[in-house]
Every structure is written in structure tokens, then in C-alpha cells.
Amino acid sequence: MKRLKASALSNVTWFTPDAIDQIKWQSDSVQLTLKSNTQLSASLLIGCDGVNSICRQAASIACDKSDYGQSALITNVSTKLAHQGVAYERFTESGPIAMLPMVKVANEGSRSSLVWTLTPEQAEEINALTDDEFKVKLEQDFGSWLGGIVKVGKRHIYPLSLVQAQEQIFHRMVLIGNASHTIHPIAGQGFNLGLRDVQSLAKTLEQTLADKGDIGAFNRLTEYAISRKTDHKHIINLTDSLVTLFSNEHFPLVAGRNIGLKVLNYIPAIKNTFVNKAMGY
């Protein structure tokens, strides 16, 4: 099947830079007013606008929130050694350091997205370092898996919390991705969970269109919400448990988790079971 970028599709209209200013729900449509005063009308509004979702707030959908007492320092880095499409995660005393492979850009070398979990105080301290000091600190804590750090991009700090919308759907609206669930980055599952939201919603909408039905009908959106419930629960419980496990420095627990990681790495059957669970199977 031919894959097209959304920007190349003739039936996709972009409104950018812009943002939602007001949402009004009608019986058969959703009416949007953008900051530019542009007026839009749709049968279905898909709220995929992040953890501070305007769509979710406009619908007065409450959230359950649990603060992890940690912050994520995020930036893009270039390394001496090529990542070969491999993601790395190293567990340190302060928290996990993840290096996620990025597409190569001319004159940028091998690029990775860094997600460095720290206490809020440590995050501010490290963020205040110069680029050269930051490179040295990262090399010390992450190790030499990707060689030296060549370049560091702009750094950002985000507080880490588990945020779950109490409802996934509303009248002619559905929440997906971080607007629906924002989880800890420890296992790198937030993006994957969001992609599966997209896949499942697309399947529901395709079937609705094939049946010549209303894509914004509440019964159809309910089908989607039910189909995602188990996956959401499994991944949220998994990541929440891992945060607890790797935030505890009690020696027997440290020894046990180190042994567990070795077993996971060297026994394919156990490793594949864990991978499949993380992939939503």
C-alpha cells in the first residue's frame, strides 16, 4: 500500500499556526472557533492535543493524577557512534536515561532523543550546565554505548505525572494519546500506546464509513473506548510498577531487579512475552 504524508493529501487542510479558542457541541456536529477567528464544523472532534488538552478541558472531563516527584530533561543529541536504529535505556541511581534513535539529518551525525529522568532539583542543576559540561555529565552517567556526545540541542524540563482522563469519549469527541493518558517514560510506551489508539480508532471509523454510519455516533465511539480499555490498563500498570521498582534503592530489591533484567535479556521466551505485552498483544 502506498503511504502518503498528511501534508501531501488533497483532502487534508492545515490551519497552522493556529489553536482552538472555543468549542460548541451541537446535536449533529461540533463547532470550533480558532484563535484566528476561523470557524470550523465537524461530525467528530478527535482530541489529540496533549496532556493539557484544550478539548478535554472544554468538555469538563476530569482526570486522575499521580505525581511521581520526578522530572524529565529532554533534548536531542548527536553522538560519535551510529545508533543503528537501536534504542538504549540505562538505569541509574537518579533514574533511567533513554536514548531513542532519530532519523539522520545532513551534517548532524547520528541523532538520538534523550529522555533523562531526574529529581526536580537534579534536573534544574544539570540543565544549568553549559553544553560542554552537559556533554561530560551525560557521557559519565550514560556510558560509552554511543561514543562521545558531539552536539546537544535545546533542553526542556517536564514534571512527570500519571494522568488519566476519567472518560475517553464525549458527545462527538474522542480523546487519544496524551490527551487521554500521560504515563511515565520509563519503558518508552507512551508513544506506542498513542499509536495503538490511532490504529484502533481508524479501524472503528473505517468500519463506520463502510456501514454508511455516523462517525460521531456515541455508540461507535463507545465501541472504540471499550476496545482500548484493556491495553490502557495493562500498559499503565506496567509502567507504574516499573517506576516503583526502579525508584527503590533497597539492596535486596536492587539485586533482584538486576538479576531479573539479566534473565529477561538471555531467555528469549520470557523476553518475547515482555515485548509482546509492551506492544499491546
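Predicted model only: the values in this text are computed from it and were never measured.

A word on the overall build of the chain. For the chain, the helix and strand inventory stands at seven helices and 13 strands. Only carbon and sulfur atoms are counted for the fraction: they give 55% of the accessible area of the chain, which is about 16,800 Å².

So, on to the sheet that holds strand E12 (residues 173-175). Pairing is mixed across the open sheet formed by three strands, whose spatial order is E4-E12-E11. With one partner strand each, in any of the chains shown, strand E4 (45-47) and strand E11 (169-170) form the two edges of the open sheet. Two elements, E4 and E12, share three bridges in a ladder whose sense is parallel. Residue pairing for E12: glycine 47 is matched across the bridge by leucine 175.

Okay, the pattern of salt bridges next. Close approach of charged atoms lets side chains of opposite charge pair. Using the criterion set out here, one finds 10 salt bridges in the structure. Its salt-bridge partner being arginine 155, residue aspartate 131 comes within 2.7 Å of it at the nearest N-O pair. Here aspartate 131, found in helix H3 (residues 131-142), pairs with arginine 155, found in the loop between strand E9 (149-152) and strand E10 (156-165); they are 24 residues apart in sequence, far enough to count as distant. Given a relative accessible area of 38%, aspartate 131 falls into the partly exposed group. The partner of aspartate 132 in a salt bridge is lysine 135, with the nearest N and O atoms 3.7 Å apart.

Along the chain, arginine 220 falls in helix H5 (residues 218-246). Judged by its relative accessible area of 16%, arginine 220 falls in the buried class. At 3.5 Å, the side chain of arginine 220 forms a polar contact with the side chain of threonine 208. Apart from the residues within four sequence positions on either side, arginine 220 is in contact with Thr204, Gln207, Thr208, Asp211 and Asp214.

Take the sheet that holds strand E3 (residues 39-42) next. Strand order in the open sheet formed by three strands is E1-E2-E3, and the pairing between neighbours is antiparallel. Edge positions in the sheet fall to strand E1 (20-25) and E3, since each of these pairs with one other strand and no more. Recorded for the sheet is a direction-independent mean angle of 20° between the axes of neighbouring strands. Where E1 meets strand E2 (residues 30-34), five bridges bridge the pair, whose relative direction is antiparallel. What sits directly across from glutamine 22, in E2, is threonine 33.

Burial runs high along strand E8 (residues 110-118): nine of the nine residues are buried. Two strands pair when backbone bridges link them, and strand E5 (residues 63-79) and E8 are joined in this way by nine bridges, in the antiparallel orientation. Following the sheet pairing, isoleucine 74 is matched in E8 by valine 115. By the bridge criterion, five bridges tie strand E7 (residues 96-101) to E8 in an arrangement that is antiparallel. Residue pairing for E8: alanine 98 is matched across the bridge by valine 115.

A few words now on the side chain of aspartate 197. By the element assignment, aspartate 197 lies in helix H4 (residues 190-210). Judged by relative accessible area, which is 0%, aspartate 197 ranks as buried. Reaching out from aspartate 197, the side chain makes a polar contact with the side chain of arginine 228 at a distance of 2.7 Å. If we ignore the near neighbours within four places in the chain, the residues touching aspartate 197 are Ile176, Gly177, His181, Tyr224, Arg228 and His232.

This part takes up the pairing of E2. Most of E2 is tucked away: four of the five residues are buried. A loop of four residues connects E1 with E2, the two strands running antiparallel in sequence.

Right, let's get into the packing of aromatic side chains. Under the defined criterion, the tally for this structure stands at four aromatic pairs. Look at tryptophan 25 and phenylalanine 170: their rings are 5.0 Å apart centre to centre, the planes differ by 75°, and that puts the pair in the edge-to-face class. Of this pair, tryptophan 25 sits in strand E1 while phenylalanine 170 sits in strand E11, and the two are 145 residues apart along the sequence. Classification of phenylalanine 170 by relative accessible area gives partly exposed; the value is 28%. The rings of Tyr88, Phe142 and Trp145 are connected pair by pair, giving a single aromatic cluster.

About the thresholds
Residues numbered from 1 in each chain as written. Predicted model: local features only at pLDDT ≥ 70, side-chain atom pairs only at ≥ 80, totals over all residues. Heavy atoms only, no water. Helix = DSSP H or I, 4+ residues; strand = E, 2+ residues; numbered from the N terminus. Areas by Shrake-Rupley, 256 points an atom, 1.4 Å probe, with all protein chains shown as cover. Pairing = 2+ DSSP bridges. Salt bridge = Lys/Arg side-chain N within 4 Å of Asp/Glu carboxyl O. Buried < 20%, exposed > 50% of the residue type's maximum accessible area, 1.4 Å probe, protein only. Polar contact = N/O pair within 3.5 Å; in protein donor to acceptor, adjacent residues only side chain to side chain. Contact = heavy atoms within 4.5 Å. Axes fitted to C-alpha atoms, helices over the stretch in contact; angles between N-to-C directions. Phe/Tyr/Trp six-rings, centres within 6.5 Å; stacked < 30°, edge-to-face > 60°.

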